[in-house]
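Coordinate analysis (summary)
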Amino acid sequence: MTTPQIVALAGNPNVGKSTLFNALTGARQHVGNWPGKTVEKVEGLITIGDRQYKVVDLPGTYSLNAYSSEEIIARDFIINEHPAAVVTVVDAANLERTLYLAVQIMELGVPAVLALNMADMAQRRGIRVNTALLAERLGGLPIVETIGSRGAGLNALRQAIYTQTNGTGRTLPQPVDYGQPLEAEIAALQAQIAADPILSRQFRPRWLATKLLENDEDLHARLEGAGYHPLIEAAHAAMERIAAQTGEDAETLITDRRYQMIAKWLRGAVQRPRSGVETRSDRADRVVTHPIWGVPIFLLLMWVIFQFTANVSAPLVDWIDATINGPFTRWAEALLNALSLAETWFGALVINGVIAGVGGVLVFIPVLFFLYLAVAVLEDSGYMARSAFVMDRVMRAIGLHGKSFLPLVVGFGCNVPAIYATRTLEDEDDRKLTAFITTFISCGARLPVYVVFGAAFFGAKAGNLIFGLYLLGIAIALLTGLALKRTVYRHKPPQPFVLELPPYRLPTPRNVWRQVWQRTAQFLRNATTIILAASIVIWFMLALPVRGEGRFNDVRTEDSLFGAVSRTIAPAFEPAGFASWETAGSLITGFVAKEAVISTMSQIYVQTADDAEVAGAEESQPAPRFADEAQELLRSLGEALVLTAQETVNIVPRTVNLLPGVHLGLADWLNRGEEAEETTALQDALIAAFTRTTGSAERGKLAAVAFNVFVLLYVPCMATVAAMRHEFGGRWVLYQSSYALLVAWLAATIVYQGGLLLGIG
Amino acid sequence: MPSLLSQVLQAVETADEPCTLAQLAHQFDLSPAMLEEMLTYWVRKGRLREVDSSPACASCGHGASCPFVAKMPRTYEVVRDDDPVCDTPPPVCRHCG
């Protein structure tokens, strides 16, 4: 048998080139490195008919433009090794993107074969390629459909290789017509190259002439080094003439011509589903991203999400609260009793510190779960990316960078990654401005606070309070941005940009569940780490007496270290209506993590309730039996699940009822009628405390709203502060935090005092 | 008449507001994939910048898979003459080193 002929396998990365190579060569492979490079070189031997071939798998490249070492390796191999044929592997489902390399290989003048790989994927996506028509347009070039992973189309590929390496039967590629004035300049340079015996032997003259006009740096450098100064000068002169005649550089014109050729070849040869017709995604986008309707639709979806979050989760929140504060706490007390620890400080730490603090936050797992579920559905459907696009318009309308809304969308989940997301903004001032306003976007950790207060003071209308708070956060962020853009960060006009919006699709349960689980698990991790640590510290501060007659673990909460610290800042909140040491104290711990506001309140109010219990010396009731409690837990869980399903159904009438004059009835599967919503122990304590502090129930409600406004806007949690310091420095963080504190105080005061002026309470 | 490539660049540079890839492709009667190729050319030429807007954050120990990071759309934006010369820092959080 004679020396094997060389066949090169070229293609873009991720088009299944190596899979096809393996299918073609089987186990007869040799792996090494390209000379002087760390890029892997794989070769294999195959026999087709009476001939043997050495198939070389070239590195995956997008072009032969010498932008990377892979591209130079692939190009040099084809030029220097003169393969008998080059098989260009392209993605059958993405010919527009992968044919560019094929065009460049064809320009090298080597016998070529086009392998439309992953043909099965293309078929599944409804893409039909008319290979005969495409081959005709490519001047009779052999085109083979392959599925490398299944070995399909290999015989046809082998046959095409055999034909193309047969001197008489092969088809050589047609040159691309670049039109005038390029063709004239290419011809002149081509003649100059052809006249040089060394150059014309090494390169195809037309190809080299074209590459020189493309200003290929690698080739220019090599020819300069080899002393071909006149040729380089002639190329530069030609490029200048082309630029003078057309107003564009030669490289752009050449590239443009190749793209236009590809588009021409593919027109009619590739049939896509609904090709040329407006897709459902396009039709949906006409409404969803409409300049006028886009924003109201976004707001309506937000409203639905918060109704869904607050109402659907409520029965499960009540169930977990009743479980933690009832049976679970009793079982823990029984265990501590059995270990003779119930009357010790450790027992108090477990019950009043860990269970009250961490349990107070764990109660809200259903709230976060349903929020993340709604957000995951929106993300997976492709809407979330569109919300950023819709809000871009609003941002730009008030002079902010359009892309500023992208970090803000991230901020709805957590402010920390949102701060880092500002890195996608090129301009430093735009970055600082966006980060400055990001903390006003309400993160998921603040949601439990709104839910506790919303359910306590607004019952079934808690969703409206939550929606209002989220809107207020966005409004304050935009107003702050507007003010800063007009004063501190007066700078360049916003840059235009193009967004790649994903097509709409039906959310997949697997994707949605993964996101919901990861986010809920993170909330759980926070509860069992940061909140646990904060709860223990707060318990010790509550147990340490600083005044009065108390002793360690036997002190009135207001006489404790925590009470004393909180009392010093409480008067500052007098104008906002929540000047009690309890609320002030919870705001301090809220700096650690926003959920800690709730865990601290749970601890304080549980302890206070215990104090009252001790003072009142209530008669203790006999503990129920374990079996009875377990049975009751299961029964109440079933009831909570039924109510959860009911509230999910009720989202529809609640939303439709927004229309004026419409009043659809709500489902009531357990025949509970209009009975009052259940409240948790903490919610009862909050209603009592705010009513007591302000003097009336209505004023208490007003103060509760003001408190939530403060929680929304005041200094972000310490993780966010650390992220901001890392990105923008300590001084900037000081300004931002001071501003946030001031805005929060002013907004809360305006809400409370404004409400009083309007006669509320 | 400028080349199609230059017309695409001009359309992006002179846009009054953000546009989607699909809108721009429709405007030039191109497939979105072909338009993306053309935009990539201008990215290579340094006239546009391609930005993956989904940040990664390591502050909660999740590294690049922070659960709170929403999948944000890729964008192409115009590089201005007075933009910083240094490479755009990747949107990766280095909060905890």
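A quick note: this is a predicted structure, and the numbers were derived from the prediction, not measured. (Residues numbered from 1 in each chain as written. Chains lettered and ligands numbered in written order. Predicted model: local features only at pLDDT ≥ 70, side-chain atom pairs only at ≥ 80, totals over all residues.)

**A look at the overall build of chain A**
The helix and strand tally for chain A stands at 32 helices and 10 strands. On C-alpha atoms alone, chain A measures out to a radius of gyration of 35 Å, which is more than a quarter above the 27 Å that the 2.2 N^0.38 rule sets for 761 residues. Referenced to the eigenvectors of the C-alpha coordinate spread, the extents of chain A come out at roughly 110 × 60 × 60 Å. Once local pairs closer than 6 in sequence are excluded, the contacts in chain A between residues at least 24 apart make up 71%. (Helix = DSSP H or I, 4+ residues; strand = E, 2+ residues; numbered from the N terminus. Rg over C-alpha atoms; globule rule 2.2 N^0.38 Å. Contact = placed C-beta atoms within 7 Å.)

**Remarks on the overall build of chain B**
Broken down by element type, chain B carries three helices and three strands. Ordered by position from N to C terminus, the α and β elements of chain B give α-β-α-α-β-β. Scored against the burial criterion, the 97 residues of chain B give a buried share of 42%. Taking as baseline every contact in chain B between residues at least 6 positions apart, the subset at least 24 positions apart corresponds to 56%. (Buried ≥ 20, exposed ≤ 12 C-beta atoms within 10 Å, placed from the backbone.)

**Topic: the nonpolar core**
Residues and elements named next belong to chain A. Of all hydrophobic cores here, the largest spans 217 residues; its most connected members are Ile105, Ala706 and Phe710. Broken down by element, the residue count for this core peaks at 12 residues, all from helix α14 (residues 294-338). With near-sequence residues (within four places) excluded, Ile105 lies in contact with Ala10, Leu64, Ile78, Val86, Thr88, Val110 and Ala112. Ile186, Ile193, Leu213 and Ala250 belong to the second largest nonpolar core, which has 21 residues in total. (Core = buried A, V, L, I, M, F, W, Y, C linked by C-beta atoms within 7 Å.)

**Let's talk about unusual backbone geometry**
Residue and element names in this part refer to chain A. Each neighbour pair has its own omega, and for Gln180 with Pro181 the value is 5 degrees, a cis peptide bond. By the element assignment, Pro181 lies in the loop between α6 (154-164) and α7 (182-194). Positive phi, close to 60 degrees, is recorded for Asn215, a residue that is not glycine. Counting through the fold element by element, Asn215 comes out in the loop between α9 (205-213) and α10 (217-225). Overall, the presence of 15 C-beta atoms within 10 Å leaves Asn215 in the partly exposed class.

**Here's the deal with the interface of chain A and chain B**
Residue-level contacts link 50 residues of chain A with 51 residues of chain B. The set of elements that each furnish at least two residues to the side of chain A that touches chain B consists of α3 (95-107), α12 (250-266), α17 (383-397), α18 (405-411), α19 (415-421), β10 (497-500), α23 (509-528) and α31 (718-728) of chain A. Here the residues of the side of chain A that touches chain B sort into 25 nonpolar, 11 polar and 14 charged. Sheet topology note: the β10 of chain A/strand β1 (residues 19-20) of chain B ladder contains two bridges and is parallel. Bridge pairing in β1 of chain B places Leu499 of chain A opposite Thr20 of chain B. (Nonpolar A, V, L, I, M, F, W, Y, C, P; charged D, E, K, R; others polar. Pairing = 2+ DSSP bridges.)

**Digging into the confidence of the model for chain B**
Caution applies to low-pLDDT parts of the model: their predicted coordinates are not meant to be read in detail. Residues and elements named next belong to chain B. Per-residue confidence for chain B averages 73 on the pLDDT scale, and 62% of its residues sit at or above 70. Mean pLDDT in chain B bottoms out at strand β2 (residues 48-52), which sits at 81, and peaks at helix α1 (residues 4-13), which reaches 90. Within the model, the stretch residues 86-97 combines pLDDT values under 50 with 27 contacts to residues more than four positions away or in other chains. Reported for the predicted complex are a pTM of 0.73 and an ipTM of 0.79. (pLDDT = per-residue confidence, 0-100.)

**What to know about the sheet that holds β10 of chain A**
Pairing between the strands of a sheet is mediated by backbone hydrogen bonds and can be parallel or antiparallel. Read across the open sheet, the four strands follow the order β1(B)-β10(A)-β3(B)-β2(B); overall the sheet is mixed. Strands at the two margins of the open sheet, each flanked by one partner only, are β1 and β2 of chain B. Judged from the four bridges that link them, β10 of chain A and strand β3 (residues 74-78) of chain B form a sheet pairing that is antiparallel. Within β3 of chain B, the position partnered with Phe497 of chain A by the bridge is Glu77 of chain B. Running over the sheet, helix α3 (residues 32-44) of chain B touches β10 of chain A together with β2 and β3 of chain B and is turned about 110 degrees from β2 of chain B. (Axes fitted to C-alpha atoms, helices over the stretch in contact; angles between N-to-C directions.)

**Some points on the packing of helix α20 (residues 428-438) of chain A against helix α22 (residues 462-486) of chain A**
Residues and elements named next belong to chain A. Contact pair α20 / α22: the axes reach a minimum separation of 9 Å and the direction vectors enclose 150 degrees. Seen along the crossing, α20 lies across α22 with a hand that is right-handed. Listed contacts from α22 to Leu433, Phe436 and Ile437 of α20 are Ala477, Thr480, Gly481, Leu484 and Lys485. By residue class, the composition of the contact of α20 with α22 is five nonpolar, two polar and one charged. (Left-handed = near helix turned anticlockwise from the far one by under 90°.)

**Examining the environment of Asp52 of chain B**
All names here are of chain B. Looking at where Asp52 falls in the secondary structure, it is placed in strand β2. The partly exposed category is assigned to Asp52, around which 15 C-beta atoms lie within 10 Å. Taking C-alpha positions, Asp52 is 17 Å from Met38, a pair spaced 14 residues apart along the chain.

**A short note on the environment of Met391 of chain A**
Residue and element names in this part refer to chain A. In this fold, Met391 is placed in helix α17. Each C-alpha atom of the pair Met391 and Gly11 lies 40 Å from the other, and the pair is 380 residues apart in sequence. The residues contacting Met391, other than those within four sequence positions of it, are Phe298 and Phe405.

**Quick notes on α9 of chain A**
Residue and element names in this part refer to chain A. With respect to burial, α9 is a largely interior element, eight of its nine residues being buried. Residues of α9 that are buried: Pro205, Trp207, Leu208, Ala209, Thr210, Lys211, Leu212 and Leu213. Considering only its buried residues, α9 is in contact with α3, α7, α8 (197-202), α10, α11 (229-246) and α12. Looking at the residues trailing α9, positive phi occurs at Asn215, about 60 degrees.

**Observations regarding the domain arrangement of chain A**
Along its sequence, chain A is carved into domain 1 (5-164), domain 2 (182-271) and domain 3 (294-317 + 365-516). Relative to domain 3 of chain A, the C-alpha centre of domain 2 of chain A lies at a distance of 50 Å. (Domains from an automatic or database assignment.)

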